[in-house]
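The chain contents come next:
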Amino acid sequence: METVRETAALRRRIRAWREEGAPIAFVPTMGALHGGHLSLVRHGRAAAARLVVSIFVNPTQFAPGEDFERYPRDEAGDLAKLEALGVDLVYLPDIGTMYAPDHATWVVVEGPARGLCAETRPHFFRGVATVVAKLFHRVQPDIAIFGEKDYQQLLVIRRMVRDLDMPVEIIGRPTVREPDGLAMSSRNAYLSPQQRRIAPALYRILCETAEALSRGGSAAPSLATAREHLLEAGFTAVDYVELRDAEDLEPLERLATRPGRLLAAARLGETRLIDNLPVPPVARSATNRSDD
Ligand code: PAF
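Keep in mind that this is a model prediction, so the values were computed, not measured.

For L116, which is not glycine, the phi dihedral falls at a positive 50°. Looking at where L116 falls in the secondary structure, it is placed in the loop between α4 (95-98) and α5 (117-120). One non-glycine residue, D165, lies in positive phi territory at about 55°. Within the secondary structure, D165 sits in the loop between α7 (151-163) and β6 (169-173). Its relative accessible area of 65% is what places D165 among the exposed residues.

Spelled out as structure tokens, the structure:
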């Protein structure tokens, strides 16, 4: 496995692979790799002749006062995990090569980037879209793989790629969970033992809410109940629990004939957890119910 920090060296390697005609898969990460990342890497390994993983804690997707400085970093541990999975190249740019001191160009996605996480983190998707666009220009992948745990991010990147004609196929892969249901996330490392005991309630309450929504009727009462249950379970604040269209993230007042996505963000002290679930369209008989 090659580790590359310089963009010129990365470009040379990518050019050689392109000349061989080797398809390239790419998994962008911020490191502190867990089972969720590793499932993306395994998918990439099986999907293409060449596999690149990047590790870059991207400062522009953190607002001042967020956790950029203390975001978990474990370069040696990450490299050992990636080598064991047969990754061809790990790209580790430093901040100076990614952002010039007078960097002034941003990728701003609208549509799916509105609302949800953008309500409390308005800077976030501009930072993500910009760094992912830059990484795509450098790595020139044929496919890129993202986790559904960050479902809004996945749709924002899909929209950017479509709207800016980027020649890369975006693959979304299912969330990987701990045995108690908690979605794997690098930020789970921030949880105290007591918070860690509360955290799986997010998934449990989303499952209960998805079940209630699948019976049809107005979504609002089920979403309000979910917010109450999260607070009762010990979450200190609920940023949102929302039902959205699974493809464009437009708000849904009820499930109908299009697949929905139930998305939530809630806080345990300083730590913000997000999760989401697919909610299939309801049967026509349930859609027609008039009891709400
Ligand atoms: O999901 C992440 O880890 C990051 O948002 C990403 C896509 C690597 C961009 O920094």
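After presenting the structure, the write-up continues.
This next bit is on the side chain of S222. Within the secondary structure layout, S222 lies in helix α10 (residues 220-233). When near neighbours in sequence (up to four residues on either side) are disregarded, S222 contacts T209, A212 and L213.

By the burial criterion, the buried members of helix α3 (residues 75-84) are D78, L79 and L82. Angular distribution of buried residues about the axis of α3 spans 100°; they occupy a single face of the element. Along α3, the residues that are exposed and aim more than 90 degrees away from the buried face are A76 and A84. Structurally, α3 contributes buried residues whose contacts are with β1 (2-4), α2 (35-47), β3 (50-55) and β4 (89-91). In the stretch just after α3, G86 is the one whose phi turns positive, near 80°.

The subject of this paragraph is the packing of aromatic side chains. What the rule picks out here adds up to seven aromatic pairs. Plain terms: the ring middles of F56 and Y99 are 6.4 Å apart, the flat faces sit at 40° to each other, and that makes the pair tilted. On the criterion of sequence distance, the pair formed by F56 in the loop between β3 and α3 and Y99 in the loop between α4 and α5 is long-range, its members being 43 residues apart. Judged by its relative accessible area of 10%, Y99 falls in the buried class. On the numbers, 5.4 Å between centres and 65° between planes, the contact of F62 with F68 is edge-to-face. Judged by relative accessible area, which is 7%, F62 ranks as buried. Taken together, the aromatic side chains of F26, F136 and F146 make up a single cluster linked through ring pairs. Against the face of Y190 rests R70, its NZ or CZ located 4.1 Å from the ring centre. The positively charged end of R73 is found above the aromatic ring belonging to F68, 5.1 Å away from the centroid.

What follows is about the site of the ligand. Near the ligand, the surroundings consist of P28, T29, M30, N58, Q61, V128, V131, F146 and Q153. Here Q61 contributes a side-chain N or O atom positioned 2.7 Å from an oxygen atom of the ligand. In this structure, Q153 approaches the ligand through a side-chain N or O atom, which is 2.7 Å from an oxygen atom. Burial of the ligand by the protein chains amounts to 89% of its free accessible area of 290 Å². Grouping the constituent residues of the shell around the ligand by class yields five nonpolar, four polar and no charged.

One open sheet holds the three strands; their spatial order is β7-β8-β9, and the pairing between them is antiparallel. Each edge of the open sheet carries a strand with a single partner, namely β7 (237-245) and β9 (271-279). Sheet twist, expressed as the mean angle between neighbouring strand axes with direction ignored, is 10°. Direction of pairing for strand β8 (residues 260-268) relative to β9: antiparallel, over a ladder of nine bridges. Within β9, the residue paired with A265 across the bridge is I274. Across the face of the sheet, α10 comes into contact with β7 and β8 while running at roughly 150° to β7.

Quick notes on the rules
Residues numbered from 1 in each chain as written. Predicted model: local features only at pLDDT ≥ 70, side-chain atom pairs only at ≥ 80, totals over all residues. Heavy atoms only, no water. Helix = DSSP H or I, 4+ residues; strand = E, 2+ residues; numbered from the N terminus. Buried < 20%, exposed > 50% of the residue type's maximum accessible area, 1.4 Å probe, protein only. Contact = heavy atoms within 4.5 Å. Arc of directions from axis to C-beta. Phe/Tyr/Trp six-rings, centres within 6.5 Å; stacked < 30°, edge-to-face > 60°. Lys NZ or Arg CZ within 6 Å of the ring centre and 35° of its normal. Near = heavy atom within 4 Å. Polar contact = N/O pair within 3.5 Å; in protein donor to acceptor, adjacent residues only side chain to side chain. Areas by Shrake-Rupley, 256 points an atom, 1.4 Å probe, with all protein chains shown as cover. Nonpolar A, V, L, I, M, F, W, Y, C, P; charged D, E, K, R; others polar. Pairing = 2+ DSSP bridges. Axes fitted to C-alpha atoms, helices over the stretch in contact; angles between N-to-C directions.

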